[in-house]
Amino acid sequence: MEIEAKYHPLDKYLRADRIPHIWCPGCGLGTALNCFLQALEETEIDLKNLAVVSGIGCAGRVAGYINVDSYHTTHGRAIPFATGLKLANPKLKVVVFSGDGDLFAIGGNHFIHAARRNIDMTVICVNNHNYGMTGGQLGPTTPLKARTTTAPYGNIEHPFNLCHVAAASGAVYVARWTTLHVRRLKESMKEALNKKGFSFVEVIAPCPTAFGRRNREPSGLDTLRYYKEHSVIKHGIDPSEADIEIGGDIIVGKFVDIEKHTFNEAVEELIKKARK
Amino acid sequence: MRKEQIKFYSGNIAAAEGAIAAGCRFFAGYPITPSSEIAEHMARRLPQVGGIFIQMEDELASMAAILGASWGGAKAMTATSGPGFSLMQENIGLGAMTETPCVVINVQRAGPSTGMPTLVGQADVMQARWGSHGDYEIIALSPSSPQECFDLTIKAFNLAEEYRVPVIVLMDESVAHMFEKVVIPPENKIKIVNRKKPDVPPEEYLPFKPERYVPPMACAGEGYNVHVTGLTHDEKGYPQATDPEVQERLVRRLCDKIRKNERKMRDIDEYEMDDADVAIVSFGISGRSSKEAVKEARKQGYKVGLIRLRTIWPFPDEYFEKIAEDIKKFIVVEINYGQIKLEVERNVGKEKVILLPKFGGEIHKPHEIYEKIKEVYNGN
Amino acid sequence: MKYWVKKELKPPHGKVYIIKDRCKGCGFCIEFCPQGVLQESEEFNSKGYHPPKLVESDEKKCIGCGFCSLICPEFAIYIEKEEENEEGTD
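Definitions and limits used
- Residues numbered from 1 in each chain as written.
- Chains lettered and ligands numbered in written order.
- Predicted model: local features only at pLDDT ≥ 70, side-chain atom pairs only at ≥ 80, totals over all residues.
- Helix = DSSP H or I, 4+ residues; strand = E, 2+ residues; numbered from the N terminus.
- Rg over C-alpha atoms; globule rule 2.2 N^0.38 Å.
- Contact = placed C-beta atoms within 7 Å.
- Core = buried A, V, L, I, M, F, W, Y, C linked by C-beta atoms within 7 Å.
- Buried ≥ 20, exposed ≤ 12 C-beta atoms within 10 Å, placed from the backbone.
- Pairing = 2+ DSSP bridges.
- Axes fitted to C-alpha atoms, helices over the stretch in contact; angles between N-to-C directions.
- Domains from an automatic or database assignment.
- Nonpolar A, V, L, I, M, F, W, Y, C, P; charged D, E, K, R; others polar.
- Parallel < 35°, antiparallel > 145°, perpendicular 65-115°, else oblique.
- Left-handed = near helix turned anticlockwise from the far one by under 90°.
- Expected span 1.5 Å × (residues − 1).
- pLDDT = per-residue confidence, 0-100.
- Right-handed = clockwise from strand over helix to strand, strands pointing away.

Student: Looking at this structure, how should I read the overall build of chain B?
Tutor: The secondary structure content of chain B amounts to 13 helices and 15 strands. The C-alpha atoms of chain B give 21 Å as radius of gyration, which agrees with the globular expectation for 380 residues (21 Å, within 12%). Across its three principal axes, chain B shows a C-alpha extent of roughly 70 × 50 × 40 Å. In chain B, the share of contacts with a sequence separation of at least 24, taken over all contacts with a separation of at least 6, comes to 76%.

What follows is the structure in structure tokens.
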């Protein structure tokens, strides 16, 4: 027999008075948040020094649920905000939690520059292939031919391969998992949190209400079953070979894990030099 | 030839259909509540009429894209709400400076910043006028019903083409999401204005030499080799970024072409104003609540009328100066903390103006306005 | 020769806790439990969803893997691993 409980062990990381959250049944964001909090539990990050920054969209609501200093900024500007936050207060651990549209459409420019500079932050992008909050419009990661409200005849645009963009821009840690690969996702999040430099974790997530419903996956369960059938783990491959297509395989794994001098270290050295 | 049609549209859909009826064949936009339906409808309809729809990566890009499309010869439009409107300001300035005809729909929501995405606001009025930097003028229209969304969007395109200026359609979330009957006139009854083309050969053409304030426009690929720049430029279009005379001449013309033609653009819906001694000034959805309140007040014998602005910018200064002679008090009803009120005050004097603001994301209830009318009368 | 072998290796056992009113009926835990010991219950929670219930049998018991715990989007289910009892060794 199951035991009825009132509280969850991870509630201490949540603003529990705001649970249940606003996300739909079957949404991948809850799972991503769950893995993230479990990752926090298992690393030794001092919560007092953790700051979570998010943008606009369903993924942007994550910041509001985590009981740390959290910042819900404007659309696409989570990364520059986080850059300022981290540089002004280097002892903070800054995590950006946002969506594919927020980080790569309007925020695309900011993403590639932060990665190029190797700013010490962790970016977790929950990729549900559309703009869910506003009703299911296409986004930069909508697969070719998929249906969205602004692509009623099927999407004609080639999507981004987010891991490729991150790696090409200079990120030092790049990994992709689906919300089905919960344990590996949690491990990757732990690695990303402990990594010095710009680390990126892409979480492929269902969006039954806005995207799945229009693309033959009416429930979150349908999408997860697809992930089960079609995910292929390939650690260490060139991310450019890991495109996502409708009906195709989803290649997941840890693609990039390198060491590089960070912007934050360089700034510190610069200040030391200038003060001599 | 399309005959008259009766449709049941929301304000957003009516605006999109109005654009198509006006000849809009290019839409670049970005989803934002409460205007996303316009983009979605254009995505479906534009290919059907041979037009192009593209969802850009952000509003900045959307505004830049419609300017480009306009120079490519198309009638172009975008639609957004407050946060997106803020992002578009830089390129609205470029549109004003380069005299590019285009239409920007701003479906206002409660702000500031992310605000209340699903609730109504009318607080972008001043931003529509002053949002970008420098001296310039734009035109802004304000519909109060889906029918007006249809009609005024067509008017917006016509004004844009005639005056070569970005025209803002200042909708609000209530009108955008309201469903009402819309009568679509037969195709030959819809008046369409197109930009004036040069009637001289390229050697004689001066791209920014005005004919009664507005120069004829030669688009890309028509053989005129026009240079278009946001820098201060002379009649040839060449940058003259250090010449005070050129600057004065240019800025003066950009502003005068709108200011001096205010009367032609004036569009005010007067209701029960003939013998009124108190007037309500309103626009958009607030105009409808106000009308109900005026009806009730008239039944009770109060001599109150409604001035509903359909063209907000350029503001009808002359009209207000004149009407101030007969009206003792102006009650400004708007869903913000006082924006049109400032314009009315400027023209009729602060003592004559009372503001009835409401900005929690709700519309005024007619009886609230009626109570204010009574208060004003009894206060006298 | 001495074999280092335990008389009987028992798989771990887990206790399943469910916060019924948080469940939104997504079905993830039920579908992906490796032991298949979760089923949709008949009862309704306060939001009208059917929370899962634990149905163990002789062959199938909760092994405390924690998959349901991690995948639940609603923080509505978690497990506690019970202490392992080892039988004696030789």
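Now that the structure has been shown, we can carry on.
Student: What exactly am I supposed to notice about the nonpolar core here?
Tutor: Generally speaking, soluble globular proteins have nonpolar side chains that are buried together. In this structure, Val103(B) and Ile139(B) are the most contacted members of the largest nonpolar core, which totals 108 residues. Looking at this core, the element that brings in the most residues is helix α6 (residues 146-163) of chain B, giving 9 residues. Within the second largest apolar cluster, 103 residues are counted, among which are Leu40(A), Met133(A), Cys29(C) and Ile71(C).

Student: I keep staring at the sheet that holds strand β15 (residues 353-357) of chain B and nothing clicks. Help me out?
Tutor: Hydrogen bonds between backbone groups are what pair the strands of a sheet, and the pairing can be parallel or antiparallel. Residues and elements named next belong to chain B. With respect to topology, 5 strands assemble into an open sheet ordered β10-β12-β11-β14-β15, the strand pairing being mixed. The sheet terminates laterally at β10 (268-271) and β15, the two strands that pair on one side only. Each strand axis lies, on average, 20° off the axis of its neighbour in the sheet, ignoring direction. Pairing of strand β14 (residues 329-334) with β15, which is carried by 5 bridges, proceeds in the parallel orientation. Residue pairing across strands places phenylalanine 330 opposite valine 353, the latter belonging to β15. On the sheet, helix α13 (residues 366-379) packs against β11 (278-282), β12 (304-309), β14 and β15 and is oriented at approximately 160° with respect to β14.

Student: In this structure, what is going on with the interface of chain C and chain A? I would like to understand it.
Tutor: Interface extent is often summarised as the accessible area lost during association of the parts. Facing the 23 residues of chain C at the interface are 28 residues of chain A. Going through the elements one at a time, β1 (14-18), α1 (28-32), β3 (52-54) and α2 (67-71) of chain C are the ones with two or more residues in the side of chain C that touches chain A. With 4 residues, the single largest contributor to the side of chain C that touches chain A is β1(C). As defined by bridge partners, strand β1 (residues 3-4) of chain A adjoins β1(C) across 2 bridges and the pair is classed as parallel. Each bridged residue has a counterpart across the sheet, and for Ile3(A) the counterpart in β1(C) is Tyr17(C).

Student: Just to check I follow, could you spell out the domain arrangement of chain B for this structure?
Tutor: All names here are of chain B. Segmenting chain B into domains produces domain 1 (5-189) and domain 2 (268-379). With centres defined by C-alpha atoms, the gap from domain 1 to domain 2 works out at 26 Å. With 23 residues of domain 1 at the contact, the number on the domain 2 side is 21 residues. Counting residues per element, the ones that place at least two in the side of domain 1 that touches domain 2 are β6 (116-120), α5 (125-130), β7 (139-141), β8 (166-172) and α7 (173-177). Here the element with the most residues in the side of domain 1 that touches domain 2 is α5; it accounts for 4 residues. In terms of residue class, the side of domain 1 that touches domain 2 is built from 15 nonpolar, 5 polar and 3 charged.

Student: For this particular structure, what's the right way to read the interface of chain A and chain B?
Tutor: Across the boundary between the two partners, chain A contributes 18 residues, which contact 15 residues of chain B. For the side of chain A that touches chain B, the per-class residue count stands at 9 nonpolar, 9 polar and no charged.

Student: Sorry if this is basic, but what is going on with the packing of helix α10 (residues 284-299) of chain B against α13(B) here?
Tutor: Helix packing for two helices is described by the angle between their axes and how far apart those axes are. All names here are of chain B. Contact geometry for α10 and α13: axes closest at 8 Å, N-to-C directions at 55°. Judged on the interaxial angle alone, α13 and α10 are oblique. Like other packed secondary-structure pairs, α10 and α13 cross with a definite hand, here right-handed. Across the interface between the two elements, Ser289, Ser290, Glu292, Ala293, Glu296 and Ala297 from α10 touch Pro366, Ile369, Tyr370 and Ile373 from α13. Looking at the contact of α10 with α13 residue by residue, the class counts come to 6 nonpolar, 2 polar and 2 charged.

Student: How should I be thinking about the arrangement of the chains in this particular structure?
Tutor: Taken together, the 2 pairs of chains in contact show their highest number of contacts between chains A and C. Between chain B and chain C there is no contact; the minimum C-alpha to C-alpha separation amounts to 24 Å.

Student: Explain the sheet that holds β1(A) here, please?
Tutor: The sheet built from 3 strands is open, its strands ordered β1(A)-β1(C)-β4(C) with mixed pairing. Every other strand in the sheet has two partners, leaving β1 of chain A together with β4 (77-81) of chain C as the edge strands with one partner each. Note: β1(C) against β4(C), 5 bridges, orientation antiparallel. Paired with Gly14(C) across the two strands is Lys81(C), which belongs to β4(C).

Student: Explain the packing of helix α5 (residues 108-117) of chain A against helix α6 (residues 162-169) of chain A to me, please; I cannot follow it from the model alone.
Tutor: All names here are of chain A. Running from N to C, α5 and α6 cross one another at 45°; their axes reach a closest spacing of 8 Å. The angle between α5 and α6 falls in the class oblique. Contacts from Ile112, Ala115 and Arg116 in α5 reach Val165, Ala166 and Ser169 in α6. Taken together, the residues that form the contact of α5 with α6 break down as 4 nonpolar, 1 polar and 1 charged.

Student: Help me understand helix α9 (residues 263-274) of chain A, please; the structure alone is not making it clear to me.
Tutor: The periodicity of an α-helix, 3.6 residues per turn, causes residues three or four positions apart to be oriented the same way. Over its 12 residues, α9(A) runs 16 Å from end to end, which matches the ideal 16 Å to within 8%, given 1.5 Å per residue. The buried fraction of α9(A) is low, at 1 of 12 residues.

Student: What is the right way to read the environment of Cys58(A) from this model?
Tutor: Residue and element names in this part refer to chain A. Mapped onto the elements, cysteine 58 comes out in the loop between β2 (50-54) and α2 (62-65). Residue cysteine 58 is classed as buried on the basis of its C-beta count, with 27 C-beta atoms lying within 10 Å. Counting along the chain gives 76 residues from cysteine 58 to threonine 134, while the straight-line C-alpha distance between them is 8.9 Å. Setting aside residues up to four positions removed in sequence, cysteine 58 forms contacts with Trp23, Leu29, Gly99, Gly132 and Met133.

Student: Honestly, the confidence of the model for chain C in this entry has me stumped. Any pointers?
Tutor: Where the model shows low pLDDT, its predicted coordinates should not be examined in detail. For chain C, per-residue confidence averages 88 on the pLDDT scale, and 89% of positions sit at 70 or higher. This complex was scored by the predictor with a pTM of 0.93 and an ipTM of 0.91.

Student: Even after reading the chapter, I still don't get the pairing of β11(B), so can you show me in this structure?
Tutor: Both faces of the sheet carry side chains from a regular strand, because those side chains alternate between them. All names here are of chain B. Most of β11 is tucked away: 5 of the 5 residues are buried. Side chains Val278, Ile280 and Ser282 of β11 all project onto a buried face; the interleaved residues Ala279 and Val281 project onto the opposite face, where all are buried too. As defined by bridge partners, β11 adjoins β12 across 5 bridges and the pair is classed as parallel. Counted as the bridge partner of isoleucine 280 is leucine 306 from β12. Each parallel crossover has a hand, and for β11 linked through α10 to β12 it is right-handed. As paired elements, β11 and β14 share 4 bridges and run parallel to each other. Bridging from a neighbouring strand, alanine 279 pairs with phenylalanine 330 of β14.

Student: Whenever I open this one, unusual backbone geometry confuses me. Can you help?
Tutor: Phi is mostly negative for residues that are not glycine, and the peptide bonds are mostly trans. Look at the link from Ile19(A) to Pro20(A): it is a cis peptide, with omega at 5°. Within the secondary structure, Pro20(A) sits in the loop between β1 and α1 (28-42). Omega for the bond connecting Gly111(B) with Pro112(B) falls within 30 degrees of zero, at -5°, which places this linkage in the cis form. The topology assignment puts Pro112(B) in the loop between β5 (102-110) and β6. The phi angle at His129(A) is positive, at roughly 65°, despite the residue not being glycine. Position of His129(A) among the secondary structure elements: in the loop between β5 (121-127) and α6. Notably, Arg164(B) is not glycine yet its phi reads approximately 50°, a positive angle. With respect to the helices and strands, Arg164(B) occurs in the loop between α6 and β8. A tally of 26 C-beta atoms within 10 Å means that Arg164(B) is categorised as buried.

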